[in-house]
Amino acid sequence: MTLNQQTGLTRPLKTLVKMLAVASVFATSFNVFAEPIEIKFSHVVAENTPKGQMALKFKELVEQRLPGEYKVSVFPNSQLFGDNNELAALLLNDVQFVAPSLSKFERYTKRLQVFDLPFLFNDMDAVNRFQQGEAGQTLLNSMTRKGIVGLGYLHNGLKQFSANTPLKNPSDANGLKFRVMASDVLAAQFDAVGAIPVKKPFSEVFTLLQTRAIDGQENTWSNTYSQKFYEVQSQITESNHGVLDYMVVTSDTFWKGLPADKRKIIKEALDESIALGNKIAAEKDNQDKQLILDSKRSQLVTLTPAERQKWVDVMKPVWAKFEEQIGKDVIEAAVAANK
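Just so it is clear, the model here is predicted, and its values are computed rather than measured. (Residues numbered from 1 in each chain as written. Predicted model: local features only at pLDDT ≥ 70, side-chain atom pairs only at ≥ 80, totals over all residues. Heavy atoms only, no water.)

A. Just the overall build of the protein, in detail. Scanning the protein from N- to C-terminus turns up 13 helices and 11 strands. Here the C-alpha atoms of the protein give a radius of gyration of 26 Å, more than 25% beyond the 20 Å that 2.2 N^0.38 yields for 339 residues. Reported as C-alpha extents along the three principal axes, the dimensions of the protein are approximately 110 × 45 × 30 Å. Long-range contacts, defined here as pairs at least 24 residues apart, represent 75% of the contacts in the protein between residues at least 6 apart. Just so you have it, the protein exposes about 16,100 Å², and 53% of that area is on carbon and sulfur atoms. Counting 40 positive and 38 negative side-chain charges, the protein places the centres of these two groups 5 Å from one another. (Helix = DSSP H or I, 4+ residues; strand = E, 2+ residues; numbered from the N terminus. Rg over C-alpha atoms; globule rule 2.2 N^0.38 Å. Contact = heavy atoms within 4.5 Å. Areas by Shrake-Rupley, 256 points an atom, 1.4 Å probe, with all protein chains shown as cover. Lys, Arg positive; Asp, Glu negative; His and termini not counted. Charge placed at Lys NZ, Arg CZ, Asp CG, Glu CD.)

B. Quick look at unusual backbone geometry. Of note, Asn 93 is a non-glycine position whose phi angle comes to about 65°, a positive value. Owing to a relative accessible area of 44%, Asn 93 belongs among the partly exposed residues under this scheme. (Buried < 20%, exposed > 50% of the residue type's maximum accessible area, 1.4 Å probe, protein only.)

C. Representation of the nonpolar core in the model. Within the largest apolar cluster, 53 residues are counted, with the highest numbers of intra-cluster contacts made by Phe 41, Phe 58, Phe 97 and Trp 311. If you look at the next biggest cluster of nonpolar residues, it comprises 37 residues, including Phe 115, Val 127, Met 143 and Ala 334. (Core = buried A, V, L, I, M, F, W, Y, C linked by side-chain atoms within 4.5 Å.)

D. Quick look at the packing of aromatic side chains. One pass over the structure, following the stated rule, counts 14 aromatic pairs. Here the aromatic rings of Phe 97 and Trp 255 are separated by 6.3 Å at their centres, their planes lie at 90°, and the arrangement is edge-to-face. Linking Phe 97 in strand β3 (residues 97–98) with Trp 255 in helix α9 (residues 252–257), this pair joins segments that are 158 residues apart in sequence. Residue Trp 255 is classed as buried on the basis of its relative accessible area, which comes to 12%. Considering the side-chain rings of Phe 202 and Phe 229, the 6.0 Å spacing of their centres and the 75° angle between planes classify their relative orientation as edge-to-face. (Phe/Tyr/Trp six-rings, centres within 6.5 Å; stacked < 30°, edge-to-face > 60°.)

E. Representation of the pattern of salt bridges in the model. On inspection of all chains with the given rule, the structure shows 17 salt bridges. A salt bridge links Lys 289 to Glu 238; the nearest nitrogen and oxygen atoms lie 2.8 Å apart. Placement of Lys 289 in helix α10 (residues 260–295) and of Glu 238 in strand β9 (residues 235–238) is noted, with a sequence separation of 51 residues between them. Classification of Lys 289 as buried rests on a relative accessible area of 18%. According to the relative accessible area criterion, Glu 238 is partly exposed, its value standing at 22%. (Salt bridge = Lys/Arg side-chain N within 4 Å of Asp/Glu carboxyl O.)

F. Looking closely at the side chain of Ser 103. Mapped onto the elements, Ser 103 comes out in the loop between β3 and α4 (124–132). Sequence-distant contacts of Ser 103, defined by excluding residues within four places in its chain, comprise Asp 116, Met 181, Ala 182, Ser 183 and Leu 186.

G. Region of the structure containing the sheet that holds strand β7 (residues 196–199). The strand order across the open sheet built from 6 strands is β7-β6-β8-β5-β9-β11, with neighbouring strands paired in mixed fashion. Every other strand in the sheet has two partners, leaving β7 and β11 (299–302) as the edge strands with one partner each. Neighbouring strand axes in the sheet, compared pairwise and without regard to direction, differ in orientation by 30° on average. Where strand β6 (residues 177–180) and strand β8 (residues 216–219) come together, 2 bridges link them in parallel fashion. Considered in β8, the bridge of Arg 179 is made with Gln 217. (Pairing = 2+ DSSP bridges. Axes fitted to C-alpha atoms, helices over the stretch in contact; angles between N-to-C directions.)

H. Spotlight on the pairing of β6. Pairing of β6 with β7 involves 4 bridges; the strand directions are parallel. Counted as the bridge partner of Lys 177 is Ile 196 from β7. Tracing the backbone out of β6, into helix α6 (residues 184–191) and back to the parallel element β7 gives a crossover that is right-handed. (Right-handed = clockwise from strand over helix to strand, strands pointing away.)

I. Spatial organisation of the side chain of Ser 101. Locating Ser 101 in the fold gives a position in the loop between β3 and α4. The class for Ser 101 is buried, based on a relative accessible area of 6%. Ignoring sequence-local partners within four residues, the contact set of Ser 101 consists of Met 181, Leu 244, Asp 245 and Tyr 246.

J. Inspection of the packing of α6 against helix α12 (residues 317–326) at higher detail. One can describe the packing of α6 onto α12 by two numbers: an axis separation of 10 Å at closest approach and a directional angle of 150°. By the angle between their directions, the pair α6 and α12 is classed as roughly antiparallel. Seen from above, α6 lies across α12 with right-handed handedness. Side by side, α6 and α12 meet where Asp 184, Val 185, Ala 188 and Gln 189 of the first sit next to Val 318, Lys 321 and Phe 322 of the second. Looking at side-chain class alone, the contact of α6 with α12 contains 4 nonpolar, 1 polar and 2 charged residues. (Parallel < 35°, antiparallel > 145°, perpendicular 65-115°, else oblique. Left-handed = near helix turned anticlockwise from the far one by under 90°. Nonpolar A, V, L, I, M, F, W, Y, C, P; charged D, E, K, R; others polar.)

K. Quick peek at the confidence of the model for the protein. Of all residues in the protein, 90% have pLDDT values of 70 or greater, and the mean over the chain is 91. In the predicted structure, residues 24–31 sits below a pLDDT of 50 and forms 0 contacts with residues beyond four places in sequence or in another chain. (pLDDT = per-residue confidence, 0-100.)

Shown next, in the form of structure tokens:
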């Protein structure tokens, strides 16, 4: 082969090598400058609540541990979706994480209705024991057939009744309109005392109370303070009659679509964030209660053991009404957590 022939073969080869090198540079540059994958976390409460602080911590940890790969956009106060449509948005992949109250899952599984049963748990320690036990952990997976993956429980606290009239005896609630979440159990709870349950979104509660379209509501100290319900309710009965907790969920499609190594990191970040949120919830319970009392906008109604027992006696039959839907085994496991 002549020198000219060798040179003729070498030039195309050199050109190909250069083209591949340039392509590699462009590919590297593309990866460097590619936009991170956005994870939208939507919720319906204020940023200064346990849920709000949990979501912000989750954003911080994910972006810290997966820099440039993922970013978390947090949308509080129903900015994107209200509590009546955030799960539908999740299944449409309009958001990737939501943390609805446990009452909101009624249409996807009846078993989670256990958390709405009145006077079921003695305190938050019992709630935590149940959630972390076998029965509670099994409930996290109770909606996978509907495309929803439960990732953890987030505390808010025990609920109190509020109204513009003192609620000391069950008969005091007779004829009053109370806002409830979209839960048949909670509706039955108020039916039991002759009250009128009104299912309305969380974002509308303040206005409904302010305009006297409803007479009262039930909520934790944290939500009552952050949403300023105490400014339009003169009486708060410390009943501790039910739990208001959340489940952090994502869609099965989104979760399984993540690379396994990234999914592990994101789950660890979420677990740490939930632990922080639960710590804040425990601290804020008493703090926000005191802030409400210090405001002197609401008066605290304290029940004697005998008065509280009257509420228990009237509302406990609700358990039997929903036992078949929830499962007797689930209710028994919850009761056992009180010991």
